[in-house]
Amino acid sequence: MDIAALRTANPDHWKKATAIRALTLDAVHAANSGHSGMPMGMADVATVLFEKHLKFDASAPNWPDRDRFILSAGHGSMLLYSLLHLTGYKGMEIDQIRNFRQWGALTAGHPENFLHDAIETTTGPLGQGIANSVGFAMAEESLRARYGAKLMSHYTYVIAGDGCLMEGISQEAIGLAGRHELGRLIVFWDNNNITIDGTVELSDRTDQVKRFKASGWHVIEIDGHDPKAIDAAITEAKKTSKPSMIACKTHIALGHAAQDTSKGHGALTDEAQMAAAKEAYGWTSAPFDVPADIKQAWEAIGARGASEREAWEARLAEASERRQAEFERIFALDTPKQLSARIKALKKQISAEAPKVATRKSSEMVLEVVNPIMPETMGGSADLTGSNNTKTGDLGVFDVENRKGRYIYWGIREHGMAAAMNGMALHGGIRPYGGTFMCFTDYARPAMRLAALMKVPSVFVMTHDSIGLGEDGPTHQPVEHLAISRATPNTMVFRPCDTVETAEAWELALSSKETPSVLSLTRQGLPTLRTEHKNKNLTAQGAYVLADAEGKRQAILLATGSEVEIAMKARDLLQAEGIGTRVVSMPCWELFEQQEESYRKRVLPGGAAVRVAVEAAARQGWDRWLCGERGREARSGFVGMEGFGASAPAETLFEKFGITAEAVAEKVKSLL
């Protein structure tokens, strides 16, 4: 690559782009770790995008109608950090660049959305960013249809690399975007043909241009170092009704000795090579020093959007007070005032009528009450709508012809669905929920983990949550999935025992602002166990006494979901023999952990009583509650799964695997 020719062809552009390259080299050298090559290769694309197209105001990173910029290739985080510093975002001063990848710095190894408002999403696991972007673009389409282009009209831009496009989730995302004609989604493919192991040809021969075209995208191929070509491509992409992929042919680690090699992907720390690269760039400043004229030019770019943002604020102020209040409420993630009253009314009705329904149906009953008063909810299912019960009559279907529709047919794309849901939540103004079978949390797992890490309140509706699934057999019967979900930090896992607990779980999930929820719901019908109405949300306590011992308390049965009914029947058997038995329903361990110790001790007191847990899943995690939080309870047992399930009717499976009231009673008596 002729660096001298690039320098002389567009000197002003070159200086701005070189500031990104120089800061990247300095930061990675200081940290002695990181990824230099991608920021050096994509600096030209990023410079043109920020200077000529991106709608943003560095002084207002949370402006709802800003364009979104997503760095899917998150290992190249110094590209983003350099841009934020150069354009003048508060908090991204030069010391943050100096402390790249160090303890306490905002400039983590991979971008983390909760560290700075201008970081739209957490990326690094490849493919997640491009899948998030589909959710961002869907959210923009939905909100523009509802509030009008005066309040919501922006683009989502993505930089994705070869690795992002190799990950399977990328095809899930690309197919969705093409199907829904998300014309305000523009992806830059950093086509540098390099991975960590070597050239892309070592592992892949996909024609990405044909792939995107086949998925319904508008595709443009350009030289990724030609600012005029970059500008023209973005201008063209903004005019099409299709999502656009701009294939940017670039050189990784441009101008460095490691250019176009796998070494260029990683940390370039050799001082002599770094000096030679800077000399080739014509960069003579000291490390971390950006000449004043270049910094001022970048800061002018960062301030350019202020007038547009102020005009938008004036348009919002012209809207009716009711419309303003709703707009501000949904972006603040506040629930409507009616939510609590509607949930209480439903609980009271259910307690009186005491229906026997599957909790997946209970969930639908709750959504029928919730969706009409929460216009921000958008639901969906991974091709299991009739099984997950996630669609209510008022939603309408989100589609090319109906952007106001609030139900999404995700197709068989659990991973893509979960990642796009996260994108919706991160965009703001949307509360997404999506369903599949509990067993397929395996497919959605990376995005569910990132929801927790990113502190976004996505709601994962996971039905058919045990061997109660029945005849579909062990491939579809979750065993370890509750334990995996509960092991994930910052996640609320709800396994309600009836419709009342399901309503309470939904209220908590929809009130959360920083924690995703997993709703573990049954296929089989369950009786209403909460027949005495209480306004208080007992599920918010995580666990509570559902039925206390009559006479001396000798046993405590702990259960969740469909097994609470079994525990109640076991209690009847034990009480008939004079064995005083308490039943504790534990719909959400995480919330129980957050209660005061005094409350936890009231629910699960120490002493002589034996403890037996019953759950049609793996035992892992239960010992904390069985053995006492200090590990002192000796007489305890577990009735549940020790291996995989089998194919048979649900009633047969519970009997054959010994998850019955009789088995629970016998376990208690064996411990007394």
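Residues numbered from 1 in each chain as written. Predicted model: local features only at pLDDT ≥ 70, side-chain atom pairs only at ≥ 80, totals over all residues. Heavy atoms only, no water.

Peer 1: Mind showing me how you'd approach the overall build of the chain here?
Peer 2: Looking only at helices and strands, the chain features 27 helices and 16 strands. Overall, the C-alpha framework of the chain stretches about 95 × 55 × 45 Å when taken along its three principal axes. Burial analysis of the chain (672 residues in total) assigns 63% to the buried set. Looking at the chain alone, contacts between residues at least 24 apart form 79% of all its contacts between residues at least 6 apart. On the chain, roughly 24,700 Å² of surface is accessible, and the fraction owed to carbon and sulfur atoms is 49%. Looking at charge distribution, the chain has the averaged site of its 75 positive side-chain charges lying 4 Å from that of its 83 negative ones. (Helix = DSSP H or I, 4+ residues; strand = E, 2+ residues; numbered from the N terminus. Buried < 20%, exposed > 50% of the residue type's maximum accessible area, 1.4 Å probe, protein only. Contact = heavy atoms within 4.5 Å. Areas by Shrake-Rupley, 256 points an atom, 1.4 Å probe, with all protein chains shown as cover. Lys, Arg positive; Asp, Glu negative; His and termini not counted. Charge placed at Lys NZ, Arg CZ, Asp CG, Glu CD.)

Peer 1: I'm lost on the pairing of strand β8 (residues 431–437) in this one. Help?
Peer 2: Residues in a regular strand point their side chains to alternate faces of the sheet. The element β8 is extensively covered by neighbouring structure, given that 7 of its 7 residues are classed as buried. As paired strands, strand β6 (residues 377–381) and β8 are joined by 3 bridges and run parallel to one another. In the strand pairing of β8, threonine 377 is matched with arginine 431. In the sheet, β8 pairs with strand β9 (residues 459–463) via 5 bridges, with the strands oriented parallel. From the neighbouring strand, glycine 435 faces β9, where its bridge partner is valine 461. For the handedness criterion, the β-α-β arrangement of β8, helix α19 (residues 441–454) and β9 is classed as right-handed. (Pairing = 2+ DSSP bridges. Right-handed = clockwise from strand over helix to strand, strands pointing away.)

Peer 1: What's the story with the sheet that holds strand β13 (residues 553–559) in this structure? I'm lost.
Peer 2: Strand pairing in a sheet relies on backbone hydrogen bonds. The paired strands run either parallel or antiparallel. Taken together, 5 strands build an open sheet; the order of strands is β12-β14-β13-β15-β16 and the sheet is mixed. Lying at the two open borders of the sheet, with one neighbouring strand each, are β12 (544–547) and β16 (636–640). For this sheet, the mean inter-axis angle between neighbouring strands, taken without regard to orientation, is 30 degrees. Bridge count for β13 against strand β14 (residues 580–585) is 6 bridges, and the pairing is parallel. Of the residues in β14, the one forming a bridge with alanine 555 is threonine 581. Docked against the sheet, helix α27 (residues 661–671) engages β13, β15 (610–615) and β16, running at close to 155 degrees with respect to β15. (Axes fitted to C-alpha atoms, helices over the stretch in contact; angles between N-to-C directions.)

Peer 1: What exactly am I supposed to notice about the environment of valine 369 here?
Peer 2: Position of valine 369 relative to the elements: it lies in helix α16 (residues 359–370). For the pair valine 369 and leucine 346, spaced 23 residues apart in the sequence, the C-alpha separation amounts to 8.0 Å. Setting aside anything within four residues of it in sequence, one finds valine 369 in contact with Arg342 and Leu346.

Peer 1: I'm lost on the packing of aromatic side chains in this one. Help?
Peer 2: Given two aromatic rings, their pairing is described by the distance between the two centres and the angle made by the two planes. In total, this model carries 19 aromatic pairs according to the counting rule given. Considering the side-chain rings of tryptophan 14 and tyrosine 281, the 5.9 Å spacing of their centres and the 70 degrees angle between planes classify their relative orientation as edge-to-face. Placement of the pair is tryptophan 14 in helix α2 (residues 11–31) and tyrosine 281 in helix α11 (residues 271–281), with a sequence separation of 267 residues. The pair tryptophan 14 / tyrosine 281 is uniform in exposure class, with both members buried. Residues tyrosine 81 and phenylalanine 100 carry aromatic rings whose centres are separated by 6.1 Å and whose planes lie at 65 degrees to one another, so their mutual orientation is edge-to-face. Taken together, the positions of tyrosine 81 in helix α4 (residues 77–86) and phenylalanine 100 in the loop between α5 (94–98) and α6 (128–147) put the pair 19 residues apart, joining distant regions of the chain. (Phe/Tyr/Trp six-rings, centres within 6.5 Å; stacked < 30°, edge-to-face > 60°.)

Peer 1: Can you help me understand the pattern of salt bridges in this one?
Peer 2: In a structure, side chains of opposite charge can pair up when their charged atoms sit close to one another. In total, this model carries 33 salt bridges according to the counting rule given. We note a salt bridge from glutamate 615 to arginine 486, for which the minimum N-O separation is 2.8 Å. With glutamate 615 in strand β15 and arginine 486 in helix α20 (residues 481–487), this pair connects stretches of sequence that are 129 residues apart. Salt bridges sharing partners connect three or more residues here, namely Asp465, Arg486, Arg495, Glu563 and Glu615. (Salt bridge = Lys/Arg side-chain N within 4 Å of Asp/Glu carboxyl O.)

Peer 1: I would appreciate a short explanation of the sheet that holds strand β1 (residues 68–71) in the present structure.
Peer 2: Spatially, β1-β2-β3-β5-β4 is the arrangement adopted by the 5 strands of the open sheet, whose pairing is parallel. Each edge of the open sheet is held by one strand with a lone partner, namely β1 and β4 (218–223). Adjacent strand axes in the sheet meet at a mean angle of 20 degrees, parallel and antiparallel pairs treated alike. With 6 bridges joining them, β4 and strand β5 (residues 244–249) adopt parallel strand pairing. Within β5, the position partnered with valine 219 by the bridge is methionine 245.

Peer 1: Teacher, can you tell me more about unusual backbone geometry here?
Peer 2: Both trends apply: most residues other than glycine have a negative phi, and most peptide bonds are in trans. Even without a glycine there, the phi angle at asparagine 32 is positive, about 60 degrees. A positive phi is found at asparagine 490, a non-glycine position, where the angle reads about 50 degrees.

Peer 1: Explain the nonpolar core here, please?
Peer 2: Within soluble globular proteins, side chains that are nonpolar tend to cluster in buried spots. In terms of nonpolar packing, the biggest core is built from 133 residues, with Phe69, Phe188 and Ile246 touching the most fellow members. When residues of this core are assigned to their parent elements, the largest contribution, 10 residues, is made by α2. When sequence neighbours within four positions are dropped, the list of residues in contact with isoleucine 246 reads Ile186, Val187, Phe188, Trp189, Ile220, Ile222, Ala233, Ile234 and Ala237. Counting residues in hydrophobic clusters, the runner-up holds 50 residues, among them Val584, Phe592, Ile659 and Val668. (Core = buried A, V, L, I, M, F, W, Y, C linked by side-chain atoms within 4.5 Å.)

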